[in-house]
Amino acid sequence: MKKIIDLIIWFVWFPLRDFLLLIPQPIKHRILGFCAGLFYLADSRRRNGVKEEVQLLYGPRFNKKEINRIARSSFDHFFNRLFENLYYGRIDAEYFNRIASIEGLDHLKTALQKNKGALLIQFHFGSFLLILLALAFQGIRVNAFAGAPLEEEGYIKNKLVELRNHESHTYPFGVLTIRSSLLPVIKALKKNEVIGVTIDGRQGTNFIPIKLFERTALFSTGLIDLSIRTGTPILPLAVVRGKDKKQRVIIEPEMELIKSDDREEMLRLNLEKYIR
């Protein structure tokens, strides 16, 4: 199954990519929904894994029928997000406005008046990279915060990584690859630029356990610490797909940080505040 998926991804990225971008949105969503349904039926390992994780995360909140519905919809969202990865470097503002909208832009503009940049923080949920396009098309200098790339297995995956690395130079936003130093991020913030970053990534320091629904996960306090040290505002962010399949990029007001004389306690309290 893994090799079949790799071949399909290669076929979409290379022979079909430009053609797919020309297809009307309703037809695209039907095609993606059909593909997602096939993989939901065929890939029992992932299907059962999603159901198990939903049950562990939410406990008795959902019954079996609701868990099945959530698992099925997760395949739809996953396929749509994979397709949206094709957009970067290929679309303009007009096309973006057909597939997504941005809300709360005034919150960001208010935060940038402090001239200390802004940290837009979100989880790896949905099309989490859309905020970069949304702001770039508004004329705002925005950068992706990325960790060092992982080694991929297989010829096809390595070719896809090479392609995306090459295309990153055509993106309308910057990409800051962080290996050991945050200096590129600090320089960008001093220029009053925006950094888009996920809080549940593998990069970071000082990971602490935080309760997340019925489970406990490890999160780094690094972004909270960076905000406290630099005075950079943190704005929570979410990307939500509507029933019409159009994405809503939602920027929340600046997060008010909790103050404490105990630095470790202050980091923990603010991290918990964001996550909960």
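The following paragraphs examine the structure supplied in this document. (Residues numbered from 1 in each chain as written. Predicted model: local features only at pLDDT ≥ 70, side-chain atom pairs only at ≥ 80, totals over all residues. Heavy atoms only, no water.)

**Things to note about the overall build of the chain**
Then, number 1: Check the secondary structure of the chain and you find 12 helices and 9 strands.
Then, number 2: At 20 Å, the chain has a C-alpha radius of gyration in line with the 19 Å of a compact globule built from 276 residues.
Then, number 3: Seen through its principal axes, the chain has C-alpha atoms that stretch 55 × 45 × 35 Å.
Then, number 4: Taken over 276 residues, the chain has a buried fraction of 39%. (Helix = DSSP H or I, 4+ residues; strand = E, 2+ residues; numbered from the N terminus. Rg over C-alpha atoms; globule rule 2.2 N^0.38 Å. Buried < 20%, exposed > 50% of the residue type's maximum accessible area, 1.4 Å probe, protein only.)

**Some remarks on the side chain of glutamine 25**
Then, number 1: You can see glutamine 25 is positioned in helix 3 (residues 25–42).
Then, number 2: Assessed through its relative accessible area of 17%, glutamine 25 is described here as buried.
Then, number 3: A distance of 3.1 Å separates a polar atom in the side chain of glutamine 25 from a polar atom in the side chain of tyrosine 95.
Then, number 4: The residues touching glutamine 25, leaving out its near neighbours within four places in the chain, are Tyr87, Tyr95 and Ile99. (Polar contact = N/O pair within 3.5 Å; in protein donor to acceptor, adjacent residues only side chain to side chain. Contact = heavy atoms within 4.5 Å.)

**Description of the packing of aromatic side chains**
Then, number 1: All chains considered together, the criterion is met by 10 aromatic pairs.
Then, number 2: Here phenylalanine 39 and phenylalanine 79 contribute two aromatic rings whose centre-to-centre distance is 5.3 Å and whose plane-to-plane angle is 35°, an arrangement assigned as tilted. Linking phenylalanine 39 in helix 3 with phenylalanine 79 in helix 5 (residues 64–84), this pair joins segments that are 40 residues apart in sequence.
Then, number 3: Accessibility expressed as a relative area gives 11% for phenylalanine 39, which makes it buried.
Then, number 4: For phenylalanine 79, a relative accessible area of 14% corresponds to the buried category. (Phe/Tyr/Trp six-rings, centres within 6.5 Å; stacked < 30°, edge-to-face > 60°.)

**Overview of helix 11 (residues 222–230)**
Then, number 1: Listed in full, the buried residues belonging to helix 11 are Leu223, Ile224, Asp225, Leu226 and Ser227.
Then, number 2: In the core, the buried residues of helix 11 are packed alongside strand 2 (118–122), helix 10 (183–190), strand 5 (194–198), strand 8 (234–241) and helix 12 (263–275).
Then, number 3: In the stretch just after helix 11, glycine 231 is the one whose phi turns positive, near 80°.

**A word on empty space enclosed by the protein**
Then, number 1: A full pass over the atoms with the stated rule returns 1 cavity of 30 Å³ or more.
Then, number 2: A volume near 30 Å³ is recorded for the largest cavity.
Then, number 3: If you trace the largest cavity, you find it lined by Gln25, His29, Leu32, Asn80, Phe83, Glu84, Tyr87 and Arg241.
Then, number 4: Secondary-structure elements contributing two or more residues to the lining of the largest cavity are helix 3 and helix 5. (1 Å grid on protein atoms, 1.4 Å probe; cavity = no way out; pocket = protein on both sides within 12 Å on 5 of 7 lines; lining within 4 Å. Points joined across faces, edges and corners; volume = space filled by probe spheres on them.)

**Quick notes on unusual backbone geometry**
Then, number 1: One non-glycine residue, asparagine 192, adopts positive backbone phi at about 65°.
Then, number 2: Looking at where asparagine 192 falls in the secondary structure, it is placed in the loop between helix 10 and strand 5.
Then, number 3: Residue class for asparagine 192 comes out partly exposed when judged on its relative accessible area of 22%.
Then, number 4: Even without being glycine, lysine 245 reaches a positive phi, approximately 75°.
Then, number 5: The topology assignment puts lysine 245 in the loop between strand 8 and strand 9 (247–251).
Then, number 6: Taking the relative accessible area as the measure of exposure, lysine 245 reaches 32% and is therefore partly exposed.

**So, the nonpolar core**
Nonpolar side chains in soluble globular proteins tend to be buried together.
Then, number 1: Judged by nonpolar contacts, the single largest core of 37 residues is most densely connected at Leu108, Leu120, Leu130, Ile131, Leu135, Val194 and Ile251.
Then, number 2: Mapped onto this core, the elements with two or more residues apiece are helix 2 (17–22), helix 6 (93–99), helix 7 (105–112), strand 2, helix 8 (130–136), strand 3 (142–147), strand 8 and strand 9.
Then, number 3: Looking at this core, the element that brings in the most residues is helix 8, giving 7 residues.
Then, number 4: Look past the residues within four positions of valine 194 in its chain and what remains in contact with it is Leu108, Leu112, Ala118, Leu120, Leu135, Ile140, Arg141, Val142 and Asn143.
Then, number 5: Grouped together as the second largest cluster of nonpolar side chains are 23 residues, Ile195, Ile208, Ile210 and Ile234 included. (Core = buried A, V, L, I, M, F, W, Y, C linked by side-chain atoms within 4.5 Å.)

**Topic: the packing of helix 11 against helix 12**
Then, number 1: For the pair helix 11 and helix 12, the least separation of the axes is 9 Å and the interaxial angle reads 115°. Read as a crossing pair, helix 11 and helix 12 show a hand that is right-handed. Contacts between helix 11 and helix 12 involve Ile224, Asp225, Ile228 and Arg229 on the former and, on the latter, Arg263, Met266, Leu267, Asn270 and Leu271.
Then, number 2: Classifying every residue of the contact of helix 11 with helix 12 by side-chain character gives 5 nonpolar, 1 polar and 3 charged. (Axes fitted to C-alpha atoms, helices over the stretch in contact; angles between N-to-C directions. Left-handed = near helix turned anticlockwise from the far one by under 90°. Nonpolar A, V, L, I, M, F, W, Y, C, P; charged D, E, K, R; others polar.)

**What to know about the environment of glutamate 264**
Then, number 1: Its place among the elements puts glutamate 264 in helix 12.
Then, number 2: Sequence spacing of glutamate 264 and asparagine 206 is 58 residues, and the spatial spacing of their C-alpha atoms is 9.8 Å.
Then, number 3: At 3.5 Å, the side chain of glutamate 264 and the side chain of asparagine 206 are in polar contact.

**Points about helix 7**
Then, number 1: Listing the buried residues of helix 7 in full gives Leu105, Leu108, Ala111 and Leu112. Burial along helix 7 is one-sided: seen end-on, the buried residues are contained in an arc of 125°.
Then, number 2: For helix 7, the elements touching its buried residues are strand 1 (100–103), strand 2, helix 8, strand 5, strand 8 and strand 9. (Arc of directions from axis to C-beta.)

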